[in-house]
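Each chain, written out:
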Amino acid sequence: MNRALAVSTLVTLFVVAIQLAVLSTLRVGDVVVMLVWLWPLLLGLMGARLVALWSALLGGVMLDTHAVTPFGLTALVALVLAYLGIRLGREGVGDLDSAAWWVTPVIAALGGFVAPLLYVMLGAIEFNFALWRGSVLMAMVVNAVAFFVLSRPLAYLARYLVAPGERTRR
Amino acid sequence: MAGVALLIILYLTTGIASGLRSAANVVITPFTWTVNEVARPVGHLLSGVLNYSDVVAQNKRLRYQLGQAQLQINENSGAATTLGALGKQLNLPFVGNLATVVAQVTATSPTSFSATIDISKGSDDGVLAGMPVVANGGLIGSVLSTTHHGATVRLISDPGSSLGVTFGNGASSVVVTGRGVNNGLGASLLPLSTVIAPGTLMITDGLAGGLFPPGIPVAHVTRVLLNSGSSTYGLSLTPTADLRHLSYLDVLLWEPST
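Residues numbered from 1 in each chain as written. Chains lettered and ligands numbered in written order. Predicted model: local features only at pLDDT ≥ 70, side-chain atom pairs only at ≥ 80, totals over all residues.

**Observations concerning the overall build of chain B**
Thought 1: The secondary structure content of chain B amounts to 3 helices and 12 strands.
Thought 2: When the 258 residues of chain B are sorted by exposure, 32% land in the buried category.
Thought 3: For chain B, long-range pairs separated by at least 24 residues make up 56% of all intrachain contacts whose partners lie at least 6 apart in sequence. (Helix = DSSP H or I, 4+ residues; strand = E, 2+ residues; numbered from the N terminus. Buried ≥ 20, exposed ≤ 12 C-beta atoms within 10 Å, placed from the backbone. Contact = placed C-beta atoms within 7 Å.)

Right under this line is the structure:
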């Protein structure tokens with residue numbers, strides 16, 4: 001467990017770094033693909049419960065320190081996605097071994113579609129209504145497509161790096 | 001759930017959150033640097049290979065625009081002198097006379113929910129929060145926060161941005177709000193009696209206590225929107241500055257209180 005947490009911490013920091021250095025520049029229709037949301041969702045689907053929550057919190061908070069949007073919003077959305085991933089993973093849905101190949105990408109795409117909406121809704125709860133003025137729908141569509149494409153290779157990476165240790169202890 | 005509780009506590013205790021921001025920056029910087037060192041050469045190589053003809057064409061266009069700008073500077077020097085004198089008489093600061101700090105854009109917003117950029121100059125160079133930033137022929141935003149060697153600029157297209165502008169020889173004013181980089185700017189609640197047409201230039205109003213000095217070009221009107229039964233116009237605006245291709249910019253050393 002300690003090894004998994006340590007490895008996931010390192011990987012999550014690299015995920016944040018890729019988000020900041022690469023994805024924030026490499027925009028699709030001016031939308032940034034939110035790798036920090038996809039990563040904990042996949043960890044959850046792979047059954048790495050604690051690691052998924054930790055990655056969500058760490059990655060989200062790290063990104064929030066670089067954004068001018070309300071502090072903690074990215075982390076909250078990441079935690080929700082990680083939790084949903086864990087619930088599905090516990091039911092054996094989205095597992096790379098047992099499910100059809102398209103299940104993980106479809107779950108990821110749904111997560112990518114809902115996450116931006118959740119983000120602006122949580123922003124409204126924090127009385128930040130300005131987030132609605134942006135292209136929420138565009139962000140939902142782009143993230144859904146990107147999550148669909150990236151989910152399977154990243155899921156293999158997630159399982160290879162951190163999940164096996166978690167799964168044997170489940 | 002513990003994580004959520006922790007975040008709520010952090011959000012409520014702004015001081016701790018602020019400290020956490022600084023600490024997180026220290027932690028993430030080596031990772032960002034590493035990724036940058038790997039990704040940048042690859043990105044440059046791909047970009048160079050894929051966009052070579054575009055770069056050559058853009059170079060030619062830029063040379064032409066540079067020549068045009070030089071010509072305009074020469075033509076405008078007389079007008080600037082007159083305007084400066086008028087501003088002095090009216091006790092208004094003139095943008096052309098304000099000291100500036102040239103800065104380079106170092107990063108863009110990490111998410112698509114805000115429109116900000118990081119720049120290479122900070123408080124050590126005289127850059128302070130609230131200072132206006134101009135580039136590419138118009139206002140692009142204002143400094144949001146600074147560190148010793150850098151600053152974050154909130155672009156006028158940020159959904160949280162709003163500023164007062166004037167048009168029609170200063171006869172009318174309206175508040176312009178950001179809608180995200182892709183969606184330009186918007187304005188609403190403009191009385192139907194106002195005379196306005198697409199193409200109208202909006203400039204900062206510089207009202208007393210305002211956040212910007214007067215006379216900085218902000219946006220052009222692209223569409224005048226009128227809903228049936230409404231007693232006011234809405235406006236769709238395009239920033240005069242190209243906010244998508246920012247590399248170098250000027251921070252005006254002007255504070256709202258001055």
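**Some words on the environment of A:Pro116**
Residues and elements named next belong to chain A.
Thought 1: As for its position among the elements, Pro 116 is in helix α5 (residues 103–125).
Thought 2: Judged by the 28 C-beta atoms lying within 10 Å of it, Pro 116 is buried.
Thought 3: Along the sequence, Pro 116 and Gly 94 sit 22 residues apart, while their C-alpha atoms lie 21 Å from each other.
Thought 4: Among residues more than four places away in sequence, those in contact with Pro 116 are Val 136, Ala 139, Met 140 and Asn 143.

**What to know about the confidence of the model for chain A**
Residues and elements named next belong to chain A.
Thought 1: Looking at chain A as a whole, the pLDDT averages 86, with 92% of positions reaching at least 70.
Thought 2: Between the elements of chain A, mean pLDDT differs from a low of 49, seen in helix α7 (residues 163–168), to a high of 94, seen in helix α2 (residues 35–45).
Thought 3: The low-confidence segment residues 165–170, where pLDDT is below 50, has 11 contacts with residues more than four positions distant or belonging to other chains. (pLDDT = per-residue confidence, 0-100.)

**As for helix α1 (residues 2–23) of chain A**
Thought 1: Spanning 22 residues, α1(A) covers 30 Å between terminal C-alpha atoms, matching the ideal 32 Å at 1.5 Å per step.
Thought 2: When α1(A) is considered as a whole, its buried residues turn out to be A:Ala4, A:Ser8, A:Thr12, A:Leu13, A:Val15, A:Val16, A:Ala17, A:Ile18, A:Gln19, A:Leu20, A:Ala21 and A:Leu23. (Expected span 1.5 Å × (residues − 1).)

**A word on the sheet that holds strand β9 (residues 201–204) of chain B**
Residues and elements named next belong to chain B.
Thought 1: Read around the closed barrel, 6 strands run β6-β7-β8-β11-β10-β9, paired in antiparallel fashion. Neighbouring strand axes in the sheet, compared pairwise and without regard to direction, differ in orientation by 40 degrees on average.
Thought 2: Here strand β10 (residues 217–225) pairs with strand β11 (residues 232–239) via 6 bridges, running antiparallel. Looking across to β11, one finds that His 220 is bridged to Thr 238. (Pairing = 2+ DSSP bridges. Axes fitted to C-alpha atoms, helices over the stretch in contact; angles between N-to-C directions.)

**As for the environment of B:Ser114**
Thought 1: Positionally, B:Ser114 belongs in the loop between β1 (100–108) and β2 (116–119).
Thought 2: Taking the C-alpha atoms as reference, B:Ser114 lies 16 Å from B:His245; in sequence the two are 131 residues apart.
Thought 3: If we ignore the near neighbours within four places in the chain, the residues touching B:Ser114 are A:Ala67, A:Val68, A:Thr69, B:Ser109 and B:Asp158.

**Re the interface of chain A and chain B**
By a widely used convention, the size of an interface equals the accessible area lost when the partners come together.
Thought 1: On the side of chain B, 38 residues touch chain A, which itself brings 39 residues to the contact.
Thought 2: Looking at the side of chain A that touches chain B, the elements with two or more residues in it are α1, α3 (49–64) and α4 (73–90) of chain A.
Thought 3: A per-element tally of the side of chain A that touches chain B places α1(A) first, with 9 residues.
Thought 4: Of the residues in the side of chain A that touches chain B, the class split is 26 nonpolar, 11 polar and 2 charged. (Nonpolar A, V, L, I, M, F, W, Y, C, P; charged D, E, K, R; others polar.)

**A few points about the packing of α2(A) against α3(A)**
Residue and element names in this part refer to chain A.
Thought 1: Two elements in contact, α2 and α3, have axes whose closest approach is 8 Å; the angle formed by their N-to-C orientations is 175 degrees. Considered as vectors, α2 and α3 are oriented roughly antiparallel to each other. Seen from α2, the contacting residues are Val 36, Trp 39, Pro 40, Leu 43 and Gly 44; seen from α3, they are Val 51, Ala 52, Ser 55, Ala 56, Gly 59, Gly 60 and Leu 63.
Thought 2: Tallied by class, residues from the contact of α2 with α3 come to 8 nonpolar, 4 polar and no charged. (Parallel < 35°, antiparallel > 145°, perpendicular 65-115°, else oblique.)

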